[in-house]
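# Summary of the model geometry
Listed below are the residues making up each chain.
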Protein chains: 2
Amino acid sequence: MSPVARSPAREPWPHRERRGVWRFERLLVDDRWERDVRVEVDAGGRVAALETTGTGPGCPRVAGWAVPGVPNVHSHAFQRALAGLAEGRGPDSFWSWREVMYAFLDRLTPDDVEAVAAQLYVEMLKAGFTCVGEFHYLHRAPGGAPYDDPAEMSRRILAAARTAGIGLVHMPAVYEAGGFGGEPLDGSQRRFRMDPEGAARLHETLAGDFSGPGERLAWALHSLRAVPRESLARIGELVGGQREAGGAGGVPVHIHVAEQEQEVRECIARRQARPVNWLLAHAPVHERWCLVHATHIDREEMAAVAGSGAVVGLCPTTEANLGDGLFPLGPFARAGGRFAIGTDSHVSRSPVEELRLLEYGRRLATRSRAGLGSGDGVLAGAGGALLAHAWADGSRALGWAGGEVKIGKRADVVVLEAGHPALAGRAGAAVLDSWVFSGSDNPVRDVMVGGEWVVRGGRHEREEAVARRFGEAVGNLRFP
Amino acid sequence: MSPVARSPAREPWPHRERRGVWRFERLLVDDRWERDVRVEVDAGGRVAALETTGTGPGCPRVAGWAVPGVPNVHSHAFQRALAGLAEGRGPDSFWSWREVMYAFLDRLTPDDVEAVAAQLYVEMLKAGFTCVGEFHYLHRAPGGAPYDDPAEMSRRILAAARTAGIGLVHMPAVYEAGGFGGEPLDGSQRRFRMDPEGAARLHETLAGDFSGPGERLAWALHSLRAVPRESLARIGELVGGQREAGGAGGVPVHIHVAEQEQEVRECIARRQARPVNWLLAHAPVHERWCLVHATHIDREEMAAVAGSGAVVGLCPTTEANLGDGLFPLGPFARAGGRFAIGTDSHVSRSPVEELRLLEYGRRLATRSRAGLGSGDGVLAGAGGALLAHAWADGSRALGWAGGEVKIGKRADVVVLEAGHPALAGRAGAAVLDSWVFSGSDNPVRDVMVGGEWVVRGGRHEREEAVARRFGEAVGNLRFP
């Protein structure tokens, strides 16, 4: 047992009453900056009332530019400990990076995972993310034995999310094979083993724990490599059953697909189809699906994905770091495709760094600055147009009642400091454009998740304790 | 006169004695982390003694990972006020961005420029840059009349650098024509007019002002578009004359070249050669030259530039933001080419964001992670290899005695916080790799420029006053 375990800071975040009333100096509503907006939050952390004229005594005023919190649709929390490692010399690839990642996995304990995830989630909040889709495949102990409590690792992720106060959509991933031919899992991969029935049992086990208003369970399939065809069908049945049993609006299903060219070649060789095409032909992909990466997608696949209503989960800094390639964002957006962002391996933990790199990839590929934006409102610029997708499509991909501050939606709000040098002199669309394109000095000052202020004045109340525990955990891991 | 002018904070930075002795807990020396290094700085801000064993009483200890300050080889300071603007909707290009920039120029006063530059330089220091090459072409008043003091704008840049305490290589740019055919300057461009004789006079006028140990003058040619062939020859004579008159090691000469495809097409049409080839054939390009951008360069040109010893000044975030294209870094580095980084239009003010994007562009273009690094030392990783170029080639491009902390070199030092979450648990090459690839939460804690601590504990002593003045200036500019 590592010494870290003796000082867990696992109290759930919201000790305080969620219910409250605030007056936002400027709040993004649709595509306008509304002034002096009175927002009332109910006990479940949702917006109960919103009016643009009221002030009222005893109603604290929130200065700055307030915008919806950004959903992060794709996270492997434990990889935060690896960020900046495996940037080795000489020949290197996605696959050699994966070897470093696996070697590191052989040492990672549940305490470590909790400490790393808590640090990550605090960093996400401070940067403007308010909920995270945790694509979780680290289910077992080193060697592949289950923990005494098979839900151990999932509970640690939940504990970390509560410590930080971030909204959590936890997705235990099905992972059964080491390749398209059903190859057995090799050494390090044995920690990932999970079949559809196991995932369904994990859902049942955890249902009671995921009791807070900002805690949900959803499904993940690691990839076409790791999930055999029969399992894909079985997961379809299980997800359908959950929906009939009362899952409001459908349960999200996430899958990695077409990230690497090698994967595309193998899929064509084994299954006579490109990965996205094969998936669309063999699974009921609909608007609750999130196709993560989808980097190597052709025009026909783009049109089909756009038509399905599924969201593409783009992770620009990770995809660049791993040399995956550039997703064809321009053509996909013009085809009406939905896309959101995730931080995946967490070389960045910032929504605006992800969006910036996404747009820069598009501009470099096309040698043009022609924007995605349209109209005359606050979302008309390139930054606003990208954020609009991250908010709306990200909320959809996670089955999250977020992405806008409206009656009935969650009170997930990020407040940008108006006087910050990144935003000084800005108004209208230029506020969001400057946040995205000039915001590497983070102007996020306050962050509310489901009615709770978790970041005030740029500080998270628990950041020192969480960072200390993270430092101890990564120190003990003794990296090469 | 704007109200800003009434409260200038133009005291030169170094009020204090530069001479001093410090003991660095860990200092990068060659490619090793040396422990407990005693560094003595002389009154000129240079390292007078360096020993790895001494401690000595009364010698303050500096905790953290200390590395050389990073040179920023390319800045247009006034553009900081525009960062995040001009990210418009619909069809857009480098040339439409330039229109927004020009319109904004029609309002900019010397007070504004000083306020904007001071803010920019403070931001640069806090991110790890310790000297800046200011490629200065905003010489005249709106409309094109000279200021009563033709050196007005240059003096404002110097004042801003002194306020911030950053090292400055000021390069008044020659700018005479609006195109390859010698077209006259149009409306906004009239503020830029400067011929070779004017630049030489400006050098003479300013020689006495650039008296501090961290203040130098050098040459800039705006571009092949803006500098006629005769002027190129005349500048060669003037630069040669300065060198004979005692310029130690040669005076740097910087030029924008081959940034945009349209520029390449025009150069071929007018001069029957690609821009880099034409420049190499018509100017004595040598190791004090810096070719800024050189984005559109072919194999033959790469070999010739590498052979000349000139440095390519890459500005990855600006080049991405403007959709310029990707410089072929891999082939150029393999040809032995020298490259350094600049922040140009200042959509980023961080050396690691520039290097990160530079490397990501390379990985995306090649769909590979094969690194530039080699060897087994601290510089072996991708982050260290990139920093090594920024330090050595950046110092060369600016004629700056920096890029390493050694006897006789400037005491320009950046200290990274060892306990920062971006660096926790890191050692060896992973420190620099994590700074570059995982350092969007800035771990820079202390920054010394020429023996002066200008940033302590992540704060610049003047940051509030400088930001206030910047906020007033951009507020008064009333952006669209």
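Details of the structure are given in the entry above.
Now for a look at the structure at hand. From a predicted model like this one, the values you see are computed outputs, not experimental measurements.

Cut-offs used in this document
Here the residue index of a chain counts from 1 through its sequence in written order. For this description, chains carry letters from A and ligands carry numbers from 1, given in the order in which they are written. A pLDDT threshold of at least 70 governs which residues receive local features in this predicted model, and a stricter bar of 80 or more applies before side-chain atom pairs are shown or counted, although totals over entire chains, interfaces and linings include all residues. The basis for every side-chain value is the complete set of heavy atoms in the structure, and neither hydrogens nor water enter the calculation. A fitted line through C-alpha atoms represents every axis, and for helices the fit uses only the stretch in contact; the resulting angles, taken between N-to-C directions, go from 0 to 180 degrees. A run of H or I in DSSP counts as a helix once it spans at least four residues, and a run of E counts as a strand once it spans at least two, with each numbered from the N terminus. Convention used here: angles under 35 degrees read as roughly parallel, angles over 145 as roughly antiparallel, angles from 65 to 115 as roughly perpendicular, and any remaining angle as oblique. Definitions for this section: a left-handed crossing has its near helix turned counterclockwise from the far helix by less than a right angle. A right-handed crossing has that turn clockwise. Two residues form a contact once any of their heavy atoms are found within 4.5 Å. What makes two strands pair is DSSP finding at least two bridges between them. Each residue's exposure class comes from its accessible area (1.4 Å probe, protein chains only) as a fraction of the maximum for that residue type: buried when under 20%, exposed when over 50%, partly exposed otherwise. Whether two aromatic rings pair depends on their centres lying within 6.5 Å, for rings of Phe, Tyr and Trp, where Trp uses its six-membered ring; planes under 30 degrees apart make the pair stacked, over 60 edge-to-face, and the rest tilted. Any Lys NZ or Arg CZ that is within 6 Å of a ring centre and within 35 degrees of that ring's normal is treated as a charge sitting over the ring. Alignment of the copies relies on least squares applied to C-alpha atoms, considering only residues that score at least 70 for pLDDT in both. Residues are grouped as follows: Ala, Val, Leu, Ile, Met, Phe, Trp, Tyr, Cys and Pro are nonpolar; Asp, Glu, Lys and Arg are charged; all remaining types, including Gly, are polar. Among the buried residues, those of types Ala, Val, Leu, Ile, Met, Phe, Trp, Tyr and Cys that are joined through side-chain atoms within 4.5 Å form a nonpolar core. The positive count covers Lys and Arg only, the negative count covers Asp and Glu only, and His and the chain ends enter neither. Salt bridge, as used here: a side-chain nitrogen of Lys or Arg that lies within 4 Å of a carboxyl oxygen of Asp or Glu. In protein, a polar contact requires one atom able to donate a hydrogen and another able to accept it; more generally it is a pair of N or O atoms within 3.5 Å, and residues adjacent in sequence count only if both atoms are side-chain atoms.

## A look at the packing of helix α2 (residues 110–127) of chain B against helix α14 (residues 463–477) of chain B
All names here are of chain B.
- Where α2 meets α14, the axes come as close as 8 Å, and the angle between the chain directions of the two elements is 135°. By the angle class used here, α2 and α14 are oblique. The crossing of α2 and α14 is left-handed. Along the contact surface, α2 presents D111, D112, E114, A115, V116, A118, Q119, V122 and K126, while α14 presents E463, V466, A467, R469, F470, A473 and L477.

## Regarding the sheet that holds strand β14 (residues 413–416) of chain B
All names here are of chain B.
- As summarised here, the arrangement of the eight strands in space is β3-β2-β1-β4-β14-β15-β16-β17, forming an open sheet in which the pairing is mixed. For this open sheet the edge positions go to β3 (47–51) and β17 (459–460), each flanked by a neighbour on one side alone.
- Pairing analysis gives three bridges linking strand β15 (residues 444–449) to strand β16 (residues 452–456), with the strands arranged antiparallel. Directly across from M448, in β16, lies its bridge partner W453.
- Contacts from α2 reach β15, β16 and β17, with the element oriented near 115° to β15.

## Digging into unusual backbone geometry
- Its identity is not glycine, yet A258(A) carries a phi of approximately 55°, on the positive side.
- Structurally, A258(A) is set in the loop between β10 (253–257) and α6 (261–271).
- The buried category is assigned to A258(A), whose relative accessible area is 0%.
- Located in the positive-phi region is D344(B), a residue other than glycine, with phi close to 50°.
- Within the element layout of this structure, D344(B) appears in the loop between β13 (338–341) and α11 (351–366).
- Residue D344(B) is classed as buried on the basis of its relative accessible area, which comes to 4%.

## So, the packing of aromatic side chains
- Applying the stated criterion across every chain yields a total of 20 aromatic pairs over all chains.
- Ring geometry for F78(A) versus Y137(A): centroids 5.9 Å apart, planes at 90°, classification edge-to-face. Taken as a pair, F78(A) in the loop between β5 (70–75) and α1 (94–105) and Y137(A) in the loop between β6 (129–136) and α3 (152–164) lie far apart in primary sequence, 59 residues in all.
- Judged by its relative accessible area of 5%, Y137(A) is buried.
- Taken together, F78(A), Y102(A), Y137(A), Y175(A) and F192(A) form an aromatic cluster joined through their ring pairs.
- Between the NZ or CZ atom of R26(A) and the centre of the ring of W65(A), over which it lies, the distance is 4.1 Å.
- Here the guanidinium or amino end of R363(B) rests over the ring plane of F437(B), the centre of that ring lying 5.1 Å away.

## With respect to the relation of the copies chain A and chain B
- For the pair chain A and chain B, the superposition axis carries a translation of 0.0 Å, the fit reaches an RMSD of 0.0 Å, and the rotation angle comes to 180°. Here the symmetry operator amounts to a two-fold rotation axis. Relative to the rotation axis, the closest C-alpha in chain A is found at S440(A), a distance of 3.5 Å.
- A share of 100% of the interface residues of chain A reappears at the interface of chain B, consistent with the copies meeting face to face through the same patch.

## A look at the packing of α11(B) against helix α13 (residues 429–438) of chain B
Residues and elements named next belong to chain B.
- The N-to-C vectors of α11 and α13 enclose an angle of 85°; their axes lie 8 Å apart at closest approach. It follows from the interaxial angle that α11 and α13 lie roughly perpendicular. Seen from α11, the contacting residues are V352, L355, R356, E359, Y360 and R363; seen from α13, they are W435, V436 and F437.
- Residues belonging to the contact of α11 with α13 are distributed by class as follows: six nonpolar, no polar and three charged.

## Looking at the nonpolar core
- Counting residues in each nonpolar core, the largest one holds 288 residues, and the members touching the most others are Y121(A), W435(A), Y121(B) and W435(B).
- Sequence-distant contacts of Y121(B), that is, excluding residues within four places in its chain, are made with A77(B), V132(B), E134(B), I157(B), A160(B), A161(B), A164(B), I166(B) and L168(B).

## Examining the side chain of D393(A)
Residues and elements named next belong to chain A.
- Position of D393 among the secondary structure elements: in helix α12 (residues 382–398).
- For the buried D393, no salt bridge exists, and the shortest N-O distance to an oppositely charged side chain is 4.3 Å, to R338.
- The residues contacting D393, other than those within four sequence positions of it, are V311, R338, F339, A340 and A388.

## Structural notes on the side chain of R271(A)
Residues and elements named next belong to chain A.
- Along the chain, the position of R271 falls in helix α6.
- Put simply, R271 is tucked away with no salt bridge, and the nearest opposite charge, on E230, sits 7.1 Å away.
- A polar contact of 3.5 Å, which involves the side chain of R271, links it to the backbone oxygen of F180.
- For R271, the contacting residues outside a window of four places in its chain are F180, L224 and W278.

## Comments concerning the pattern of salt bridges
- This model, assessed by the stated rule, comprises 74 salt bridges over all chains.
- Residues E25(A) and R26(A) are paired through a salt bridge, measuring 3.1 Å at the closest nitrogen-oxygen approach.
- The salt bridge involving E404(B) is made with K406(B); its shortest N-O contact spans 3.3 Å.
- Each of E87(A), E359(B), R362(B), R363(B) and R369(B) takes part in one network of salt bridges that share partners.

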